[in-house]
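Working through the structure, step by step
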Amino acid sequence: GFSVCILDSLVNSSIKTISKIEEIFKNNNKNIKGKLFFRKGDLRDKIFLENVFTEFEKKIQPFNFVIHFAGLKAVNDSIKNPLKYWDVNINSTVNLLKTMDKFECNNLVFSSSATIYNSKLGLKLSEDSPVGPINAYGKTKLAIENILEDLFNSNNKKLKIANLRYFNPVGAHISGLIGENPNSKPTNLFPLISNVAKGETEYLSIFGKDWPTKDGTCIRDYIHVMDLADAHLAALDYLKNNENRVFLSINVGTGQGTSVLEIVNKFSEINKISVPFVFADRREGDQAIVIADNNLALKILDWYPRRGISEMCLDTWRWLNSS
């Protein structure tokens, strides 16, 4: 129901995605003509950003809501190249916030991350769990949350801000038309499994077999990307329907943990495909167990995760075989 403008530098994505989105709507007999826009640019470019806001204010309609996904997100890369992450993630956000303020756009949903937490205790993580990121990526996400909180506390405007702390998004759209397709070398588990399943890589490296878990491999809270998308719509509705100022941090996960080995075995079983693997040394920046306590999201948002590990594996493989 929203009109949407996508801003993207295409540094790690493809312009082809736009036509795929249009195709999905066409296949569902929904007309989005005049409701989907794309502008290519980098959020660190203040002139570009102000020009887009000005264009829409004058010619189409002013922006009322922003969902801020833009940023670099590879944990290991952030350890090797911290300055790149601080530059891109922080400066793009500061520019965006300044521009939103100038154009009186006061509603923001921010893509935060479970990496901001101190996960060493191995307990389910609630929104008030101790923070303590151990890599530059997580530190930039926490820094942005702090910037947003400072802005909210300093500002009398009717600001409404929701930080969605993602756990491990995986899967693809059920149509098979859009899914995870980075331009750079993938570092997430599902693209790595997929490369092996397709025969592009000889085997999967599982980092560590001596973690303090049931099978020695890391445990994560995997959430289907479509459930994550639904959570964003629920967060937008929450902000839209709340008359008061809002500053909110919400975990977006399933509340269930699955080990890397369990994922590999399930992917093989459900898609009837071999995924050879070897064990490698632990990877710097990893934690043993990261699982969401998602009770707050279940309580205050009109949302719950509806898709399980099987759908995550099936939808990923369907996307790979149609892309």
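For the structure, see preceding data.
Residues numbered from 1 in each chain as written. Predicted model: local features only at pLDDT ≥ 70, side-chain atom pairs only at ≥ 80, totals over all residues. Heavy atoms only, no water.

Of the regular secondary structure elements, the chain holds ten helices and 13 strands. For a compact globule of 323 residues, the expected C-alpha radius of gyration is about 20 Å, and the chain comes in at 20 Å, within 12% of that figure. When burial is assessed residue by residue, the chain has 46% of its 323 residues classed as buried. Approximately 16600 Å² of the chain is accessible, and the part contributed by carbon and sulfur atoms is 50%. Looking at the chain, you have 40 positive and 36 negative side-chain charges, and the mean spots of the two groups are 4 Å apart. (Helix = DSSP H or I, 4+ residues; strand = E, 2+ residues; numbered from the N terminus. Rg over C-alpha atoms; globule rule 2.2 N^0.38 Å. Buried < 20%, exposed > 50% of the residue type's maximum accessible area, 1.4 Å probe, protein only. Areas by Shrake-Rupley, 256 points an atom, 1.4 Å probe, with all protein chains shown as cover. Lys, Arg positive; Asp, Glu negative; His and termini not counted. Charge placed at Lys NZ, Arg CZ, Asp CG, Glu CD.)

What follows covers unusual backbone geometry. Excluding glycine, residues mostly carry a negative phi; peptide bonds, for their part, are mostly trans. The phi angle at asparagine 29 is positive, at roughly 60°, despite the residue not being glycine. Take asparagine 29: it is sitting in the loop between helix 1 (16-27) and strand 2 (36-40). Even without glycine at this site, glutamate 104 takes up a positive phi of about 55°. One can find glutamate 104 in the loop between helix 4 (82-102) and strand 4 (107-113).

Counting buried residues in strand 4 gives seven out of seven residues, a clear majority hidden from the surface. Judged from the seven bridges that link them, strand 4 and strand 5 (residues 160-166) form a sheet pairing that is parallel. Among the inter-strand pairings, leucine 108 is bridged to a residue of strand 5, identified as isoleucine 161. (Pairing = 2+ DSSP bridges.)

Summarising the element assignment, aspartate 45 is placed in the loop between strand 2 and helix 2 (46-60). By relative accessible area, which is 36% here, aspartate 45 ends up partly exposed. In the structure, aspartate 45 is positioned 51 residues away from leucine 96 in sequence and 9.6 Å away in space, judged by C-alpha atoms. A distance of 3.1 Å separates a polar atom in the side chain of aspartate 45 from the backbone nitrogen of phenylalanine 48. (Polar contact = N/O pair within 3.5 Å; in protein donor to acceptor, adjacent residues only side chain to side chain.)

Turning our eyes to something else, we now look at the packing of helix 6 (residues 189-197) against helix 8 (residues 260-271). At a minimum axis distance of 11 Å, the contact between helix 6 and helix 8 shows a crossing angle of 40°. What the angle tells us is that helix 6 and helix 8 run oblique. Crossing angle aside, the handedness with which helix 6 passes helix 8 is right-handed. Across the interface between the two elements, Leu189, Phe190, Ile193, Ser194 and Ala197 from helix 6 touch Val260, Ile263, Val264 and Phe267 from helix 8. (Axes fitted to C-alpha atoms, helices over the stretch in contact; angles between N-to-C directions. Parallel < 35°, antiparallel > 145°, perpendicular 65-115°, else oblique. Left-handed = near helix turned anticlockwise from the far one by under 90°. Contact = heavy atoms within 4.5 Å.)

Structurally, the position occupied by asparagine 265 is in helix 8. For asparagine 265, a relative accessible area of 44% translates into the label partly exposed. Asparagine 265 sits ten residues away from valine 275 along the chain, and the two C-alpha atoms are 8.1 Å apart.

Okay, the sheet that holds strand 10 (residues 246-252) next. An order of 3-4-5-10 is seen for the four strands of this open sheet, with the pairing classed as parallel. The sheet is open, and its two edges are formed by strand 3 (65-68) and strand 10, each paired on a single side. Between one strand axis and the next, the sheet turns through 15° on average, direction left out of account. Judged from the four bridges that link them, strand 3 and strand 4 form a sheet pairing that is parallel. Bridge assignment links histidine 68 to a residue of strand 4, and that residue is phenylalanine 110. This element, helix 5 (residues 136-154), spans strand 4, strand 5 and strand 10 of the sheet and lies at about 155° to strand 4.

With respect to the element layout, phenylalanine 63 can be found in the loop between helix 2 and strand 3. Here the alpha-carbon distance between phenylalanine 63 and valine 52, two residues eleven residues apart in the chain, equals 9.8 Å.

We now examine the pairing of strand 2. The pairing of strand 1 (residues 4-8) with strand 2 spans five bridges and is classified as parallel. The residue of strand 2 that forms the bridge with valine 4 is leucine 36. Running through helix 1, the crossover from strand 1 to the neighbouring parallel element strand 2 is right-handed. (Right-handed = clockwise from strand over helix to strand, strands pointing away.)

Here the structure, examined in full by the defined rule, presents ten aromatic pairs. Arranged with centres 5.2 Å apart and planes meeting at 90°, the rings of phenylalanine 37 and phenylalanine 56 form a pair that is edge-to-face. Pair noted here: phenylalanine 37 is in strand 2 and phenylalanine 56 is in helix 2, with a separation of 19 residues, a long-range link. On the basis of relative accessible area, phenylalanine 37 is assigned to the buried category, the value being 16%. Judged by centre distance (4.8 Å) and plane angle (25°), the rings of phenylalanine 56 and phenylalanine 63 are stacked. Exposure remark for phenylalanine 63: the relative accessible area of 18% places this residue in the buried category. Pairwise contacts between aromatic rings join Phe37, Phe53, Phe56, Phe63 and Phe103 into one cluster. Directly above the aromatic system of phenylalanine 152 lies the positively charged group of arginine 245, at a separation of 4.1 Å from the ring centroid. (Phe/Tyr/Trp six-rings, centres within 6.5 Å; stacked < 30°, edge-to-face > 60°. Lys NZ or Arg CZ within 6 Å of the ring centre and 35° of its normal.)

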